[in-house]
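Results of the structural survey
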2 protein chains.
Amino acid sequence: VRLKLKLDLSKTIGCQCMVSEEFQEVSPADFFWRNRDIAGFTNPARAIYTTIREIVENSMDAAESSGSPPDVYIRLRDLGDFYELLARDNGSGVPANKIPQAFGQILFGSKYKLRQTRGTFGLGGKMAILYGQITANKPVRIISSTGGSKIHDYSLSINIKSNRPKVQKHKVLPNPKRWHGTIIYLNTQGDYTRIQSKILEYLKQTAAITPYADLTFVDPSGRYYRFERKTKELPPPSKEVKPHPAGMDVEAVSRIIASTKTSSMLGFLQKHFQRIGEKTARKFLHHTGIDPRRNPKKLSADEIVKLCTTMNTFKFITPDASCLSPIGEKILTVGITKEYSPEFLTVVQRNASAYSGFPFVVEVAIAYGGALEPSENIPLYRFANKIPLLFDEGSDVARKVVDEKIDWRSYKVQPGSPIAVFVHICSTKIPYKTVGKEMIADRPEVERDMTIALREAGRRLMGFLSKREQTRAKKMRLELFELYLPKIAKFSAQLAHRKKVPDIRPLLKAIASGKSEEPAIMD
Amino acid sequence: VRLKLKLDLSKTIGCQCMVSEEFQEVSPADFFWRNRDIAGFTNPARAIYTTIREIVENSMDAAESSGSPPDVYIRLRDLGDFYELLARDNGSGVPANKIPQAFGQILFGSKYKLRQTRGTFGLGGKMAILYGQITANKPVRIISSTGGSKIHDYSLSINIKSNRPKVQKHKVLPNPKRWHGTIIYLNTQGDYTRIQSKILEYLKQTAAITPYADLTFVDPSGRYYRFERKTKELPPPSKEVKPHPAGMDVEAVSRIIASTKTSSMLGFLQKHFQRIGEKTARKFLHHTGIDPRRNPKKLSADEIVKLCTTMNTFKFITPDASCLSPIGEKILTVGITKEYSPEFLTVVQRNASAYSGFPFVVEVAIAYGGALEPSENIPLYRFANKIPLLFDEGSDVARKVVDEKIDWRSYKVQPGSPIAVFVHICSTKIPYKTVGKEMIADRPEVERDMTIALREAGRRLMGFLSKREQTRAKKMRLELFELYLPKIAKFSAQLAHRKKVPDIRPLLKAIASGKSEEPAIMD
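Residues numbered from 1 in each chain as written. Chains lettered and ligands numbered in written order. Predicted model: local features only at pLDDT ≥ 70, side-chain atom pairs only at ≥ 80, totals over all residues. Heavy atoms only, no water.

**Quick word on the overall build of chain A**
For the record, the criterion: A run of H or I in DSSP counts as a helix once it spans at least four residues, and a run of E counts as a strand once it spans at least two, with each numbered from the N terminus. With C-alpha atoms as the basis for the radius of gyration, the globule rule is written as 2.2 Å multiplied by the number of residues raised to the power 0.38. Each residue's exposure class comes from its accessible area (1.4 Å probe, protein chains only) as a fraction of the maximum for that residue type: buried when under 20%, exposed when over 50%, partly exposed otherwise.
Looking only at helices and strands, one finds 15 helices and 16 strands in chain A. At 31 Å, chain A has a C-alpha radius of gyration far larger than the 24 Å of a compact globule built from 523 residues. Dimensions of chain A along its principal axes, counting C-alpha atoms only, are 120 × 65 × 60 Å. The buried share of chain A, reckoned over its 523 residues, is 57%.

This is how it looks when you write it as structure tokens:
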């Protein structure tokens, strides 16, 4: 290399004018302040949408993790130059000593676990606060309690340069009723009017996917939108799980090695990963060529690489899905019926599946008729970890599946039918394409599961449509008989010189019940 | 508020089962390690593409900022389990004491200025190093000099938890020839075969947009791709400029206030912002209702908000575009001709324009015929700050403009024509939709400029196509005369009993030159 290097250098010599570069370190808060567009704060309209969305999602997560059916109240007041957003939830609350950082420090939070939550980046809520700060220049007020004897009331802002909270005020109030939850007062700029319809659509879809939540929104004109709880049943809460080996990389494995107390590879694998028992561990180690008695802390850099690449390709059992909290047929049916009142509704939930070590569950629903409007393109409602996704539908894998993978005509769905498709994916790590969390990447495993689920739902819809068609055909036939049989009876009676026209009612009844033998009658 | 609060609290009481939340701070390196997909490291194929792309772009930026025409050499060697990437440039080099952080700390860099560079987030190069580290588990080797008497040779890795560089080795070598530039040896995993065509396409497009660069790529099979320099002319280098008031927010203004030495608002505005002279400053301050003699450091929080909102809406002169470095007609023509050899090529460069305080310039080119293949959809080559964008074309504003805003038939372009469209936008801040830098958001100002430029180019193409059509028609007419005139001449001679057939050559010549008067001849 040395010799080659020398040779290379001689080729690239010779330049006069130099610009000196200045180097600089920026904090995460600074980075996301400069690049707030990528977190969904593109313009005042989109910013107010993202603010409401992030705060609703944090509230829902907090309530669900505390095991209570969420009660979320959002009020947006117009204060002239900016809005005041009030958000109140009945969540688990934030421990007093964590409040400043949890609300005033980017990349600090409780969302870095292997567990299904709406928030994934630990970023959105704080970006809403940061955006409020750089537009309205007021501290945010947080009132929270975890249900103990005290309620804490903080006013704080974010020091963007250092990414640290600046506490302006801190009061402690008594909590005789052991209330738990969080209340936020946030001043922020935005363009509500331009984005109103999207915000209402977001709330409606949230209500559809979480009918166990009580959601209230008071808009800047004082108008009151209430999405009432329709069931008290919550989906099973998501649990934290051990990582699946298929999702491992050198950093992840090295961290586990650094903290492990096991002294053999055989024990190490069983203790720290899901889906590995002794038998699998032995088979796997034989495959990688690492001695089961080796001390994990003594593996070489290359051995760790070997371990990881084998983990990524070895056939393990599919990841444990108990860390997921799909919505389920029952709750989805309640929610969709409540918000869309279709004539027909079918829900298909797939078994847990996985992409690169992350488990996921796909649930789909097809609704038809009733209050649904006919539409040229099939309306698609997309959800990820119970979040409605309203933007960038064109780049989402679900749209691709609906448009390209499903032959709707083969399920008797004509263009312009009153149909709606709902697709929900839940995972410990949704494969979002962007920090803005609006579109899901087309991972082959996800695409496959969505396709299979929608085909199954399509077949059920076809069953319903066929049956309805049969019923209609039968009804038309009956109407025909009802019209002509009396005439035929009368005519036949005249022809036979009988005074009494025969009673055709038993015959019609037989036809209606489908028991009549047509030839016998028609002859 | 207090009373209301009490009332509200009583409504949301009552829950038994609590899950305690654990809180955690993560470093930026940790964040992007967990979310590497959003930076373009989605899978092994895409990762190797992004790695090469980020490293080429950093090299190009470094060379251009040093004022030399870039010499970039990239070699990818297959080492079995992973690749070794060697990248060498003749850029400005990195000062020795900054090397560890510049390559081993996320969100540390020289890219946080108001100046046009390819890199915008100060993230990509380090993500490539991070990805190499978590897949191949080897330190990265950096050899660099700024052209002084020493060359520094570092081996280092990133401590992801703390986001700090870990230097493994550091050697100092003499630099008798005053070489400047950077050499990187990086081990990384990837799937080259699956993404090869995209990588080659990326290099070809890079060569087309920077014909003043010398670009060499040696692929894992040892194949040598050379994109030779075709001009030594560089676009004018981009300069750092003062910020334009239209892009200001509270944080940005507060930082300037904190560091200013001016003691009056009148001086403050003129000193720290572009496009503000005394007259504009007075008019602006009158408009905001702030006394010109006010000390900026004594403004209240609300006054700062007022200042910002007025800055965002006040009609200032369009931002200074001297911080931009568009490619220009001459260089673009060389580059596109070199790589695509069209029969016709036209380049349109728009004047500088701006969106929310950020200046931008749109350049477009339409190429037609020659080596171009006929194609149903119009092929679009997208560039942003001289970077080719190869992914997610469907969500890019340029695709939207080409497909929806331009009526190609009105410019005589039939479907299936051998055409290609090139769109380049340069800006101090490209409105990317994502950190992956693959699609440009449809800001109305950008969309408008692209549309106008493409229509102008379309008209020129129509001119060319019309002329070509005329030439063809003329040629056909001439061929017709050449065929029949001799016969007519002969026939007429016979009819008139003349022996000598008249010489029709002068007539044909006249027709070819378009000087003949048709009726006179045809009669």
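Structure shown, so let's carry the discussion forward.
**Digging into the nonpolar core**
Note the cut-off: Within this scheme, the nonpolar core is defined by two criteria: the residues are buried Ala, Val, Leu, Ile, Met, Phe, Trp, Tyr or Cys, and they are joined through side-chain atoms within 4.5 Å. In this analysis, two residues are considered to be in contact whenever any of their non-hydrogen atoms come within 4.5 Å of each other.
The biggest cluster of nonpolar side chains holds 163 residues, and the ones touching the most others in it are Phe32(A) and Phe217(A). Not counting residues within four places of it along the chain, the set of residues in contact with Phe32(A) comprises Ile38(A), Ile106(A), Leu107(A), Leu123(A), Met127(A), Phe31(B) and Phe32(B).

**Brief notes about the sheet that holds strand β2 (residues 71-78) of chain A**
Whenever strands of a sheet pair, they do so through backbone hydrogen bonds, lying parallel or antiparallel. Residue and element names in this part refer to chain A. Note the following rule: A pair of strands is considered paired only if DSSP assigns at least 2 bridges between the two. Think of each axis as a best-fit line through the C-alpha atoms, taken over the contacting stretch in the case of a helix, with angles from 0 to 180 degrees between the N-to-C directions.
A sheet is described by the order of its strands in space; here eight strands give the open sequence β7-β6-β5-β8-β3-β2-β9-β10, paired in mixed fashion. Only two strands of the sheet have a single partner each, and these edge strands are β7 (164-174) and β10 (224-227). Adjacent strand axes in the sheet meet at a mean angle of 15° when their direction is disregarded. In this sheet, β7 lies alongside strand β6 (residues 150-159) in antiparallel orientation, the contact comprising ten bridges. Looking across to β7, one finds that Asn159 is bridged to Arg164.

**Thoughts on empty space enclosed by the protein**
All names here are of chain A. Stated formally: Two kinds of site are reported from a 1 Å grid over the protein atoms alone, namely cavities, where a 1.4 Å probe fits but cannot get out, and pockets, open sets with protein on both sides within 12 Å along at least five of seven lines, and residues are called lining when an atom falls within 4 Å of a point. Grid points are joined across faces, edges and corners, and a volume is the space filled by probe spheres set on the points. When residue character is reported, Ala, Val, Leu, Ile, Met, Phe, Trp, Tyr, Cys and Pro are called nonpolar, Asp, Glu, Lys and Arg charged, and the others, Gly included, polar.
Evaluated as defined, the whole model comprises six cavities of 30 Å³ or more. There is about 50 Å³ of room inside the largest cavity. If you trace the largest cavity, you find it lined by Ala208, Ile209, Leu332, Ile336, Glu363, Val364, Ala365, Phe383, Phe422, Val423 and His424. Of all elements in the fold, only α6 (192-209), α11 (329-340), β13 (358-368) and β16 (419-427) reach the threshold of two or more residues within the lining of the largest cavity. Classifying every residue of the lining of the largest cavity gives nine nonpolar, one polar and one charged.

**Some remarks on the sheet that holds strand β10 (residues 224-227) of chain B**
All names here are of chain B. The sheet built from eight strands is open, its strands ordered β7-β6-β5-β8-β3-β2-β9-β10 with mixed pairing. The sheet is open, and its two edges are formed by β7 (164-174) and β10, each paired on a single side. Neighbour-to-neighbour, the strand axes of the sheet open up by a mean angle of 15°, direction not taken into account.

**Notes on the environment of Ala47(B)**
Mapped onto the secondary structure, Ala47(B) falls in helix α3 (residues 44-65). In contact with Ala47(B), other than residues within four places in its own chain, are Gly40(B), Phe41(B) and Tyr131(B).

**Quick notes on the packing of aromatic side chains**
Each aromatic ring pair is specified by the distance between its two centres and by the angle formed by the two planes. Here is the rule we go by: Classification of ring pairs uses Phe, Tyr and Trp, with its six-membered ring standing for Trp, and accepts pairs whose centres are within 6.5 Å; under 30 degrees between planes counts as stacked, over 60 as edge-to-face, and the remaining range as tilted.
For the structure shown, the criterion picks out 36 aromatic pairs over all chains. Between the aromatic rings of Tyr192(A) and Phe217(A), the centroid separation amounts to 6.3 Å while the plane-to-plane angle is 45°, which identifies the pairing as tilted. Here the residue Tyr192(A) occupies a position in helix α6, and Phe217(A) occupies one in strand β9 (residues 214-218), the gap between them amounting to 25 residues. Given a relative accessible area of 1%, Phe217(A) falls into the buried group. Judged by centre distance (5.3 Å) and plane angle (65°), the ring pair of Tyr340(A) and Phe422(A) falls under edge-to-face. Here the residue Tyr340(A) occupies a position in helix α11, and Phe422(A) occupies one in strand β16, the gap between them amounting to 82 residues. We classify Tyr340(A) as buried; its relative accessible area is 6%. When its relative accessible area of 3% is taken as the criterion, Phe422(A) is described as buried. Three or more aromatic residues joined by ring pairs make a cluster, and in this case those are Phe31(A), Phe32(A), Phe31(B) and Phe32(B).

**Topic: the environment of Asn187(A)**
All names here are of chain A. Structurally, Asn187 is set in strand β8 (residues 180-188). Along the chain, Asn187 and Asp78 lie 109 residues apart, while their C-alpha atoms are 9.9 Å from each other. Non-local contacts of Asn187, meaning those with residues more than four positions away in its chain, are made with Leu79, Phe82, Tyr83, Glu84, Gly132, Ala136 and Lys138.

**Brief notes about the pairing of strand β8 (residues 180-188) of chain B**
Residue and element names in this part refer to chain B. Burial analysis of β8 places nine of its nine residues in the buried class, the great majority of the element. A two-sided burial pattern is seen for β8, the buried positions comprising His180, Thr182, Ile184, Leu186 and Thr188 on one face and Gly181, Ile183, Tyr185 and Asn187 on the other. Sheet analysis places strand β3 (residues 83-89) next to β8, joined by seven bridges and oriented antiparallel. Bridging from a neighbouring strand, Glu84 pairs with Asn187 of β8. Of the strand pairs in this sheet, strand β5 (residues 140-146) and β8 are connected by six bridges, and their pairing is antiparallel. Of the residues in β8, the one forming a bridge with Ile143 is Ile183.

**What about unusual backbone geometry?**
Look at His497(A): it is not a glycine, yet its phi comes out positive at around 55°. Tracing the chain through its elements places His497(A) in the loop between α13 (444-495) and α14 (505-513). Despite not being glycine, Ser341(B) has its phi angle at roughly 40°, a positive value. Residue position: Ser341(B) is located in the loop between α11 (329-340) and β11 (344-349).

**Regarding the packing of helix α8 (residues 265-272) of chain B against helix α9 (residues 278-288) of chain B**
When two helices pack together, their arrangement is given by the angle between the helix axes and the distance between those axes. All names here are of chain B. Our working definition: In this scheme, roughly parallel covers angles under 35 degrees and roughly antiparallel covers those over 145, while 65 to 115 is roughly perpendicular and the rest are oblique. Here is the rule for handedness: rotate from the far helix to the near one, and if that takes an anticlockwise turn smaller than a right angle the crossing is left-handed, while a clockwise turn gives right-handed.
One way to put it is that α8 packs onto α9 with a least axis distance of 9 Å and a crossing angle of 125°. Taken together, the axes of α8 and α9 are oblique relative to one another. Judged by the sense of rotation from one axis to the other, the crossing of α8 with α9 is right-handed. Contact with α8, carried on its side by Met265, Leu266, Leu269 and Gln270, involves Glu278, Ala281, Arg282, Phe284 and Leu285 of α9 and no other residues of that element. For the contact of α8 with α9, the residue count by class is six nonpolar, one polar and two charged.

**Some details on the pattern of salt bridges**
Residue and element names in this part refer to chain A. Inclusion rule: In what follows, salt bridge is the name for a side-chain nitrogen of Lys or Arg lying within 4 Å of a carboxyl oxygen of Asp or Glu.
Applying the stated criterion across every chain yields a total of 72 salt bridges over all chains. Its salt-bridge partner being Arg459, residue Glu456 comes within 3.2 Å of it at the nearest N-O pair. Taken together, the positions of Glu456 and Arg459, both in helix α13 and three residues apart, correspond to about one turn of that helix. Relative accessible area serves as the criterion here: at 27%, Glu456 is assigned to the partly exposed category.

**A word on α11(A)**
All names here are of chain A. The test is simple: Here, expected helix span is obtained from the residue count minus one, scaled by 1.5 Å. Think of it as the arc spanned by the lines of direction from the helix axis to the C-beta atoms.
For α11, spanning twelve residues, the distance from its first C-alpha to its last is 16 Å, which sits close to the expected 16 Å at 1.5 Å a residue. Turning to α11, its buried residues number three or more, namely Ile331, Leu332, Gly335, Ile336, Glu339 and Tyr340. The arc enclosing the buried residues of α11, seen along the axis, measures out at 125°, which places them on a common side. Looking at α11, the residues exposed on the side facing more than 90 degrees away from the buried face are Glu329 and Lys330. For α11, the elements touching its buried residues are α6, β10, β11 (344-349), β13, β14 (380-384) and β16. Residue Ser341 follows α11 closely and has a positive phi angle near 35°.

**A closer look at a nonpolar patch on the surface**
Residue and element names in this part refer to chain A. Convention followed: In this scheme, patches are assembled from residues that exceed 30% relative accessible area and form no salt bridge. Like charges are connected within 9 Å, while nonpolar side chains (Val, Leu, Ile, Met, Phe, Trp, Tyr) are connected within 5 Å. Using a 1.4 Å probe, the Shrake-Rupley method yields the accessible areas, and only the shown protein chains count as cover for residues.
A cluster of nonpolar side chains, contributed by Leu480, Leu483, Tyr484 and Ile488, occupies part of the molecular surface with about 400 Å² of accessible area. Looking at where Tyr484 falls in the secondary structure, it is placed in helix α13. The exposure class of Tyr484 is partly exposed, given its relative accessible area of 44%.

**Examining the confidence of the model for chain A**
Residue and element names in this part refer to chain A. Spelled out, the test is: What pLDDT expresses is the predictor's confidence in each residue, scored from 0 to 100.
Confidence in the prediction for chain A averages 88 pLDDT; 92% of positions are at 70 or higher. Every residue in residues 1-20 is under pLDDT 50, and counting partners more than four places away or in other chains gives 33 contacts. Under a pLDDT of 50 for its full length, residues 518-523 has, in the predicted model, four contacts with residues more than four places off or in other chains.

**Some points on the environment of Thr434(B)**
Residue and element names in this part refer to chain B. Of note, Thr434 is situated in the loop between β16 (419-427) and α13 (444-495). With relative accessibility at 7%, the residue Thr434 sits in the buried group. For the pair Thr434 and Ile419, spaced 15 residues apart in sequence, the C-alpha separation works out to 29 Å.

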